[in-house]
Amino acid sequence: MSLNLKIALAGEGGQGVQSVAEIITEAAYQAGFQALYIPNFGVEQRGGVSVAFVQVSSEPVSAPKFTTGDIVVALSHRAVERVRQYVGEKTLLVYEAGLEDDVRQVYGERQRRLAVPALAIAQEEMHPRVFNVIILGVLVGVTGFLERRDVEQALERQFGHKFAQDPDLRELNYRALERGYEIGRENL
Amino acid sequence: MAIAAQPQMPRVWRAETKPHKFCPGCGHGIVLKALGEAIDALDIQERTIFGCDIGCSLLSWDFFNLDTVQTHHGRTTPVLVGIKRARPELVVVSYMGDGGAYAIGAQHLVSSASRNDLVTIIVVNNTVYAMTGGQMAPTTLPGQKTETTPYGRDARLTGRPILGPELVAAIAPPGAYVARGSIANIVQLKNFIQKGLQNQLEGRGIAFIEALSSCPTNWHTNAAATWRFVEKEMTAYFPVGELRTPEEKPSGRFQEVPPYES
Amino acid sequence: MATRPVTGEQRAFMTGNEVVAWAALAAGADIMYGYPITPQNEIMHYWTRMASKYERGFLQTEDEIAAGFATVGGVLAGKRAFTATAGPGNVLMQEAMAMAEMMRLPTVVVVTQRGGPSTATVIYSQQELNLTCFGGNGEGLRIVYSPSSHDELFLYTIKAFNSAWKYRFPTFVLGDGYQSKMREPVTIFDPEARGITMEPCRPMVGLPGLPGEERDPAHLRNTYNLEDELYEVLMTAIKEYEAIAPQVVEWDTYAVDDAELLIIAHGVVSRAARAAVVSLRERGFKAGYFRPVTLRPFPAETLRTLAARARNLMVVESAYGQLKRQVQAGLYGLETPVTGYLRPGMGITPEEIVEFVHAKELI
Ligand SMILES: Cc1ncc(C[n+]2csc(CCOP(=O)(O)OP(=O)(O)O)c2C)c(N)n1
Ligand code: SF4
Ligand SMILES: [Mg+2]
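This structure is a prediction, so every number in the text was calculated from the model and none was measured. (Residues numbered from 1 in each chain as written. Chains lettered and ligands numbered in written order. Predicted model: local features only at pLDDT ≥ 70, side-chain atom pairs only at ≥ 80, totals over all residues. Heavy atoms only, no water.)

Visitor: I tried to follow empty space enclosed by the protein on my own but got confused; where do I start?
Guide: Empty space left among the atoms is revealed by rolling a probe the size of a water molecule over them. All names here are of chain C. Here the structure, examined in full by the defined rule, presents two cavities of 30 Å³ or more. If you add up the space inside the largest cavity, you get close to 40 Å³. Lining the largest cavity are Gly16, Asn17, Val20, Ile43, Val110, Thr112, Leu153, Gly175, Asp176, Gln179 and Ser180. Residue assignment for the lining of the largest cavity shows that the elements contributing at least two residues are α1 (16–26), β5 (108–113), β7 (171–176) and α7 (177–181). Per-element tally for the lining of the largest cavity: the top contributor is α1, with three residues. Along the walls of the second largest cavity sit Val256, Ala259, Leu262, Leu306, Arg309 and Ala310, which together make up its complete lining. When its residues are assigned to classes, the lining of the second largest cavity shows five nonpolar, no polar and one charged. (1 Å grid on protein atoms, 1.4 Å probe; cavity = no way out; pocket = protein on both sides within 12 Å on 5 of 7 lines; lining within 4 Å. Points joined across faces, edges and corners; volume = space filled by probe spheres on them. Helix = DSSP H or I, 4+ residues; strand = E, 2+ residues; numbered from the N terminus. Nonpolar A, V, L, I, M, F, W, Y, C, P; charged D, E, K, R; others polar.)

Visitor: What exactly am I supposed to notice about the nonpolar core here?
Guide: Looking at soluble globular proteins, one finds that nonpolar side chains tend to be buried together. Formed by 115 residues in total, the largest nonpolar core has its most connected members in Ile83 of chain B together with Leu76, Phe82, Phe154 and Leu262 of chain C. Residue contributions to this core peak at nine residues, all from helix α6 (residues 150–167) of chain C. Here this core gathers at least three residues from each of two domains, domain 1 (9–194) and domain 2 (251–359) of chain C. Beyond its immediate stretch of four places on either side in the chain, Leu76 of chain C contacts Val69, Val79 and Ile83 of chain B together with Leu105, Pro203, Met204, Val205 and Leu220 of chain C. (Core = buried A, V, L, I, M, F, W, Y, C linked by side-chain atoms within 4.5 Å. Buried < 20%, exposed > 50% of the residue type's maximum accessible area, 1.4 Å probe, protein only. Domains from an automatic or database assignment. Contact = heavy atoms within 4.5 Å.)

Visitor: Just checking my understanding: could you explain the site of ligand 1 for this structure?
Guide: Residue and element names in this part refer to chain B. As a structural note, the neighbourhood of ligand 1 is formed by 16 residues, with Cys56, Asp98, Gly99, Gly100 and Met131 the closest of them. His28 places a side-chain nitrogen or oxygen 3.1 Å from an oxygen atom of ligand 1. With respect to ligand 1, the side chain of Asn126 contributes an N or O atom lying 3.0 Å from an oxygen atom. Counting residues per element, the ones that place at least two in the shell around ligand 1 are α3 (98–104) and β5 (128–129). Here the residues of the shell around ligand 1 are counted per class, giving seven nonpolar, eight polar and one charged. (Near = heavy atom within 4 Å. Polar contact = N/O pair within 3.5 Å; in protein donor to acceptor, adjacent residues only side chain to side chain.)

Visitor: Is there a simple way to think about the site of ligand 2 in this case?
Guide: Residue and element names in this part refer to chain B. Within the structure, ligand 2 sits among Phe22, Cys23, Cys26, His28, Cys56, Asn126, Ala130, Cys215, Pro216, Thr217 and Asn218. Sort the elements by how many residues they give to the shell around ligand 2 and helix α8 (residues 216–219) lands first, with three residues. Each residue belonging to the shell around ligand 2 can be placed in one class, and the counts come to seven nonpolar, four polar and no charged.

Visitor: Please clarify how the domain arrangement of chain C should be interpreted in this entry.
Guide: How big an interface is tends to be expressed through the accessible area that disappears when the partners come together. Residue and element names in this part refer to chain C. Split into domains, chain C comes out as domain 1 (9–194) and domain 2 (251–359). With centres defined by C-alpha atoms, the gap from domain 1 to domain 2 works out at 26 Å. Listed per partner, the contact involves 28 residues of domain 1 and 24 residues of domain 2. When domain 1 packs against domain 2, close to 2,000 Å² is buried across both sides, 50% of that on carbon and sulfur atoms. Where domain 1 meets domain 2, there are two salt bridges. One salt bridge in this structure joins Glu152 and Arg291, with 2.5 Å as the shortest N-O distance. Run the count over domain 1 and domain 2 and you get 17 residue pairs in polar contact (both at pLDDT 80 or more). Looking at the side of domain 1 that touches domain 2, the elements with two or more residues in it are α5 (129–134), β6 (143–145), α6, β7 and α7. Per-element tally for the side of domain 1 that touches domain 2: the top contributor is α5, with four residues. Residue composition of the side of domain 1 that touches domain 2, by class: 13 nonpolar, nine polar and six charged. (Buried area = accessible area lost by both parts, 1.4 Å probe. Salt bridge = Lys/Arg side-chain N within 4 Å of Asp/Glu carboxyl O.)

Laid out in C-alpha cells, this is it:
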C-alpha cells in the first residue's frame with residue numbers, strides 16, 4: 001500500500017495534541033511505516049497554541065514541516081485560526097464540535113469537515129482527561145492505515161506506567177479510543 | 001637590582017629557557033619562583049599542568065619543566081577546569097594577570113569559586129594591563145596614572161580597585177583556600193601557594209592566591225620607586241594575608257550542605 | 001568502562017537530540033561540557049541521564065566561552081570531549097574553537113542551528129554555516145559535517161570524533177532545530193558492529209615521565225612573536241588540511257548523469273531538494289540533486305564537474321546565500337547560471353521548490 005499522509009494538529013497547551021501526534025507516529029513506526037513528527041516550539045511555548053506536524057509514508061519523509069495538510073485538526077478557538085495556513089482545498093478539517101461557529105466564520109461552508117463532539121463525550125460518558133484519546137481514535141478511524149493493536153501498544157508505551165497504577169485508566173482510554181475510532185470509520 | 005637576583009633556581013624551572021623573558025624588575029619571575037619552590041616542596045612536578053593566560057603571563061609558556069598550555073585572555077581557568085574534570089589525578093595551576101582574572105575572565109572566576117573547582121589559581125596583580133602597554137586594570141589604584149587614565153584613575157567614573165581574594169572568599173564554599181601574598185615577602189608567598197596546591201591535592205576546594213607584583217616598565221619607575229609602590233601603596237589598599245583556610249569553622253552562611261539524597 | 005551503551009544494531013524512533021547523545025555514548029565520548037541553549041538542551045538532558053551509568057562526565061559551565069575552553073581542556077587531557085550549542089552560543093563558542101584550530105585540538109561541537117542574527121528564533125535555520133565553517137580569526141581549518149537524517153546524525157556524530165582525533169582539526173556536526181526536535185526512525189549501532197574502529201585518543205598534557213628529565217615537557221602555545229613564526233606554523237597546518245581534504249570530503253548525488261537542472265542543498269533541506277527532483281523526474285523533467293555532506297572541506301571539484309554539464313544551477317537553503325556563496329566560489333569562472341531559493345530561518349518543502357523551478361523557468 002502506498003501511503004503519504006500529512007496531519008497537522010493544534011490545540012491549547014494541556015489538550016494533549018503533542019501526545020496524540022507522538023502516539024500516532026510511534027504506532028506508524030512500529031507498524032513498519034516511515035514516520036516523522038515535529039512539534040512547533042518557540043520562546044512563547046507556554047502561552048501559545050501548540051501545533052504538531054505528523055507525516056506517515058511508505059517512502060522516507062522529506063521536509064519535517066509541510067505547507068498543506070491532508071488532515072488538519074483544530075481543538076480550540078485560537079487553534080481554528082492558527083491552522084488556517086495548513087488548510088487547502090482538499091484538506092479534511094477535523095475539529096471539536098463546540099467550535100462549529102468559529103469554523104464557519106473562518107472557513108465558510110465549503111470546507112471538507114468533520115465535527116467531533118469529543119468534549120461532550122469525554123465529559124458525559126467518560127472523563128475529561130481522555131478528550132485527546134477520542135481525537136486519536138477519530139484519526140485512526142478516518143485514515144485507516146493502522147491496526148487497533150498498533151495503537152494500543154503505542155498507548156501502552158506512552159501511558160503504561162499510569163495504567164499500571166490504575167488499571168481502570170487503561171479501560172477508560174481503550175473505550176475512548178474505540179469511541180473515536182467508530183466516529184472516524186463512519187466518516188471514512 | 002634586588003628584584004632580579006635569583007640565587008637558586010627551583011628544580012622545576014627549565015634551565016634551557018632561562019634567563020626568562022620578563023623585563024628587569026618584573027614581579028612575574030618572583031611569583032613563578034615561589035610557585036616553582038612550592039611544586040618542588042610537594043614533589044608534584046610529574047602531575048602538575050601549568051596554564052598561563054594572555055598578558056605577560058604568556059611569557060611563561062615554556063618557563064617550567066611542566067606540561068604547559070597557554071590559552072586565551074581570561075580563559076585559562078576554564079581550560080584547566082576542563083582538564084581537571086577529565087583527569088582528576090592531575091594538579092592544575094591557572095596563572096594569569098589581574099585583567100585576565102578580574103575583567104575579561106571574571107565570570108569564570110566567580111563560577112569556579114562557587115563550584116569550589118579543584119584548581120589552584122594564581123593572579124599576578126600589577127595594577128595595569130601590562131602586555132598591552134599599561135592601560136587601566138580593574139586593580140588600578142585611585143589616582144594612579146595609566147595610559148587610559150592619564151590624569152589618574154577617577155574612582156567616581158571608573159570605580160574602585162577590585163578586591164579579588166575578598167570576592168572569592170565571600171562566595172567560595174567551605175574547603176576553599178584564599179590568600180593574598182606579595183613579591184615583597186617571597187617566603188610567605190611560597191607558603192601561600194604551597195598551601196593552595198595542598199588544598200587541591202587533598203580535594204578540599206578551590207585555591208586562590210593573589211600576588212601583589214611589580215611592573216616597572218609600565219609604571220615608569222626605578223627600583224626604589226617600584227618597591228615603594230608595592231610595599232606602601234599597594235599593600236595599603238590590598239591587605240596581605242590569608243582570607244580563607246579549609247580548617248576554619250564555617251560561618252552561618254556557609255553551613256556544610258548535606259549531600260543531596262534522591 | 002561499564003557495559004556498552006549500544007550493542008549490535010538497534011532500531012529506534014527518537015528525536016535528533018536523543019540521537020546525538022546516543023551517538024556520543026556509542027562513540028565512547030568521555031565528557032561533555034555544556035551551557036543551556038534551545039534547541040540543543042536535550043542533548044545535555046539525555047547525556048546527563050545516561051552519562052553516570054556509563055561512567056562518563058559532564059560539567060555545566062557558566063557560559064559557552066567556558067564550555068568551549070573546558071572542551072579544549074578535556075581534549076588536552078586526552079579525552080573524547082565534546083560540547084553542543086546553537087545561535088548566540090555558537091558565536092561565543094568561536095573563541096575557543098579558534099584556539100583549537102590554531103593548536104590542532106580535536107574538539108567536537110554539535111551545532112543545532114536556530115534563527116539569527118542575535119537571539120532571533122529558537123526554532124530553526126541554516127544561518128550558522130558561515131560561522132561554523134569560518135568563525136574565529138583564522139582560515140577555517142575545520143571539518144564540518146552537515147547530516148540530513150537521524151541515521152546520518154548518528155553516523156556523523158561518531159565520525160566527528162574519529163575525524164577530529166585522526167586529523168586534529170576541530171570538527172563540527174552542523175545540525176538544526178528541526179533535526180533536534182523531530183522524531184523519526186533511526187538505527188543506532190555499536191561502531192564496532194559496523195566495522196568502525198574508534199580513533200585512539202592521546203593526551204597532550206599530563207604525559208607519563210618526569211618532564212625535563214625523562215622527556216621534554218609539552219609546551220603548547222597559540223601565540224607567536226614573529227610574523228614568520230606564525231606563517232610557518234599556519235602554512236604547515238594549511239598544507240596538511242589541503243592534503244587530508246580529499247579523504248575527508250563527502251557528498252551525495254541523485255539523478256545527476258543527464259541533469260539539465262542541478263539542485264544544490266545541504267542538511268535537512270536536501271531532503272526537500274531530493275523529493276523535488278523525484279517529482280520533477282516523474283513529470284519528465286531532467287533534474288538532479290547535489291548535496292555537500294562536508295561543508296568544510298567543500299566538495300567543489302565534484303560539483304564543478306556536474307555543474308559544467310548542467311544548464312542551470314539552483315541553490316536552496318534556509319539562509320540568505322551562505323551555501324550559495326560557497327557554491328559560487330567553488331564554481332568561479334564557470335558560465336552556468338546559479339539561482340537561489342533563499343529562505344532565511346524558514347523550513348522548505350518540495351512543493352515550494354518545484355513551484356519555484358517552474359516560476360523561474362529553470363527547466
Ligand atoms: C579577547 C581579547 N581581548 C583583548 C586582548 C588583548 N590583551 C592582551 S593582554 C591584555 C591585558 C593583560 O593584562 P593582565 O591580564 O593584567 O596581564 P599582565 O599583562 O598585566 O600580566 C589584553 C587586554 C586579547 N588578547 N584578547
Ligand atoms: S611589562 Fe610589566 S608585567 Fe610585563 S614583563 Fe614587563 S615588567 Fe613584567
Ligand atoms: Mg596586570
